[in-house]
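Listed below are the residues making up each chain.
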Amino acid sequence: MSAVSTKLPVADTRAVRRYAGTLARQHPRLLWSAVALHVLAALTGLAAPRLLGDLVQAVQGGTTVGHVDRIMLVLAGFLVAQTVLTRYARYVSQVLGEQVLAELREDFVGNTLALPVGVVESAGSGDLLTRTSRDVDQLGWSVRMALPEWTIAVITAIVTFVAAISVGWWVALPCLLGVPPLVIGLRWYLRRAKDGYLRESASYSAINATLTETVEGARTVEALGIGDERVRAIDADIEESFAAERYTLYLRTVFFPNMEIAYLIPTVATLLFGGWLHLHGHASLGDVTAATLYVQMLIDPVDRIVSILDELQMGAASLARLLGVAQVPDDRAVSGETPRGEQIEADDVRFSYVDGRDVLHGVDLAVGVGERIAMVGPSGAGKSTLGRLLAGIHPPRTGAVTVGGVGLTELPLDDLRGHVALVTQEHHVFVGTLRENLALAAPSGASDDDIRGALAAVDALDWVDALPGGLDEVVGSGGRALTAAQSQQIALARLVLADPHTLVLDEATSLIDPRAARHLERSLAAVLHGRTVIAIAHRLFSAHDADRVAVCEDGRITELGTHDELVAAGGSYAALWDSWNGKH
Ligand code: ADP
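Described in the following lines is the structure provided in the data block. Along each chain, residues carry numbers from 1 onward, in the same order as the chain's sequence is written. Only residues with pLDDT of at least 70 are given local features in this predicted model, and only at 80 or more are side-chain atom pairs given and counted; all residues enter the totals for whole chains, interfaces and linings. Hydrogens and waters are ignored; side-chain quantities use all the structure's heavy atoms.

### Points about the site of the ligand
Using the following cut-off: Residues are counted as near a molecule or strand when any one of their heavy atoms sits within 4 Å of it. Two N or O atoms form a polar contact when they lie within 3.5 Å of each other; inside protein one atom must be a possible hydrogen donor and the other a possible acceptor, and for residues adjacent in sequence the pair counts only when both atoms belong to side chains. Residue-level accessible areas treat just the shown protein chains as cover; the underlying method is Shrake-Rupley with a 1.4 Å probe. Strands are runs of DSSP state E lasting at least 2 residues, helices are runs of H or I lasting at least 4, and numbering of each runs from the N terminus. Ten residue types, Ala, Val, Leu, Ile, Met, Phe, Trp, Tyr, Cys and Pro, are classed as nonpolar, four, Asp, Glu, Lys and Arg, as charged, and the remainder, Gly among them, as polar.
For the ligand, the set of nearby residues contains 11 residues, the closest of which are Gly380, Gly382, Lys383, Ser384 and Thr385. In the environment of the ligand, an oxygen atom lies 2.7 Å from a nitrogen or oxygen atom belonging to the side chain of serine 384. Against a free-state accessible area of 560 Å², the protein chains account for coverage of 68% of the ligand. When residues of the shell around the ligand are assigned to their parent elements, the largest contribution, three residues, is made by helix H10 (residues 383-390). Residue composition of the shell around the ligand, grouped by class: four nonpolar, six polar and one charged.

### A word on the packing of aromatic side chains
To keep things clear, this is the line we draw: When the centres of two rings from Phe, Tyr and Trp lie within 6.5 Å, Trp using its six-membered ring, the rings pair. Their planes under 30 degrees apart give stacked, over 60 give edge-to-face, and anything left gives tilted. Relative accessibility decides the category of a residue: with a 1.4 Å probe and only protein chains considered, values under 20% of the type maximum give buried, values over 50% give exposed, and everything between is partly exposed. The rule is short: NZ of Lys or CZ of Arg within 6 Å of the ring centre and within 35 degrees of the ring normal puts a charge over the ring.
This model, assessed by the stated rule, comprises seven aromatic pairs. Seen in terms of ring centroids, tryptophan 188 and tyrosine 250 are 6.0 Å apart; in terms of plane orientation they differ by 75°. Their pairing is edge-to-face. Pair noted here: tryptophan 188 is in helix H6 (residues 172-216) and tyrosine 250 is in helix H8 (residues 227-279), with a separation of 62 residues, a long-range link. On the accessibility criterion, tryptophan 188 (23% relative accessible area) is partly exposed. Relative to phenylalanine 256, the ring of phenylalanine 255 has its centre 5.3 Å away and its plane inclined at 55°; by these criteria the two rings are tilted. Members of the aromatic cluster, connected to one another through ring pairs, are Trp170, Phe273 and Trp276. The ring of tyrosine 88 carries the charged tip of arginine 87 above its face, separated from the ring centre by 4.6 Å. Just above the ring of tyrosine 91 sits the side chain of arginine 87; from NZ or CZ to the centre is 5.4 Å.

### Section: the environment of serine 241
Keep this limit in mind: Note on definitions: a residue-residue contact is assigned when non-hydrogen atoms from the two residues lie within 4.5 Å.
Note on placement: serine 241 falls in helix H8. Judged by its relative accessible area of 6%, serine 241 falls in the buried class. Put simply, serine 241 and alanine 206 are 35 residues apart on the chain and 8.7 Å apart in space, counted from C-alpha to C-alpha. Setting aside residues up to four positions removed in sequence, serine 241 forms contacts with Ser203, Tyr204 and Ile207.

If you want it as structure tokens, here you go:
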């Protein structure tokens, strides 16, 4: 696999805002009921300072125990009302949050599945893994908790501020004093925070990427003895991650104390200013009490607004990374044309994995319908690459790979698989029943008869019927473990169901347990029957049986003809054939 990993893109702020706006507009009723309930809850919360102010006023002027009791009773009533309203307000916001989150996840899964295979390979699975785990979690937290809390805080702050200045316009003055340190601190922080957190998540992706790469390539790492080097690579990633976390920690240690001061200024100023006004007979004691309590009440929502802004930023950074996945340009452009026939043709095909380094240099190959072509050649010559292009996995950089005159990457994926399929050693058994594992090969649906027919064709029906659950047996990780040969048969049965006209076989049988190989070769023969086959041959006897042999060297097809013709021509193939025969 390639060592250069191009990272998946990250969406910009505008795209994130636009997307968040669309999501919000999708549930207007839930959204407005949540807002209305929160406003009501905040309003009932305002009664306490006013009532306490009145109480102070009353006590100063001399009052009865009955009067105090009445005030306390009213206060208790408001508290109960506030609790009930808050409960429903939160409930509605959580329901809204869960819905939005579900939609986000669905979109993300859709976008991930639509990613071109080539992009997933070159970006590495680490980045995608981090986005599906960490970023989805972070966003989930933001949507479930941060966003509703933030909305509540904003509403509470507005309502409380209005209540404070309704006591007297003078209250606005001390409140204003808190604004400059708040704004300056916020601006300083927000300007640095997003990049800081993006760098932090990117560093987690890097750790994941290096780790998964090392684990997936464990054998290679061991074989080449590059364990120390891999450990050093991971150490470097961790160091970068540490530096990134240290930076965001630094941002917070400057930011939060600054905020504390910004909050204290208005409360202190209200008390001092109110006291001065009272002494000069411009404000009653009740008003000063209520005003001070209101301003103090403002601290909590404002603090929540600011600190959750931090969480929301992390959420926005995660959302940007999740939306970025949707921005990967599709390497398939469906043209809507229908192929005329099943003739596969490569015409002057050039292809590069890395810009500027072609691995195929102008390959022409016309495969006859029903023909069997064996592709041979030294390792690294480009056989697998050509195979992938002939199966429509990558589009060529220039030139064309067509079936019946239509470019393979212009066909919708479901259609493409009916024309040509790639068979490699990688065959995945998904968690689910055997039936599900097989039916996924036929997008338009497969009956049990079709499935059993396919299993019979690959000689697998006997052991499937012997399973306690038959087709309903749950297989894959956590379910019944299948042997390598059985998994391979399932993969072959999928091919029978997908019924592609052309098969590209890449080392399809080379890893099979030799005892099972004979059996599987029969299964394979059943699948190949009547189809066009391009086999990347690692054993020359399959080349011997092919209609034509293509010799691939240095990204070019250097020899093309029947076995006998090529042996007679005395070129590279003849040399390979001789050495192979010599060994046996
Ligand atoms: P073969 O199948 O004949 O062994 P390949 O098609 O696998 O040859 O490889 C052809 C060339 O392309 C080699 O130089 C290989 O290093 C390069 N290559 C193969 N896969 C990738 C990839 N995913 N990214 C970058 N280079 C690749």
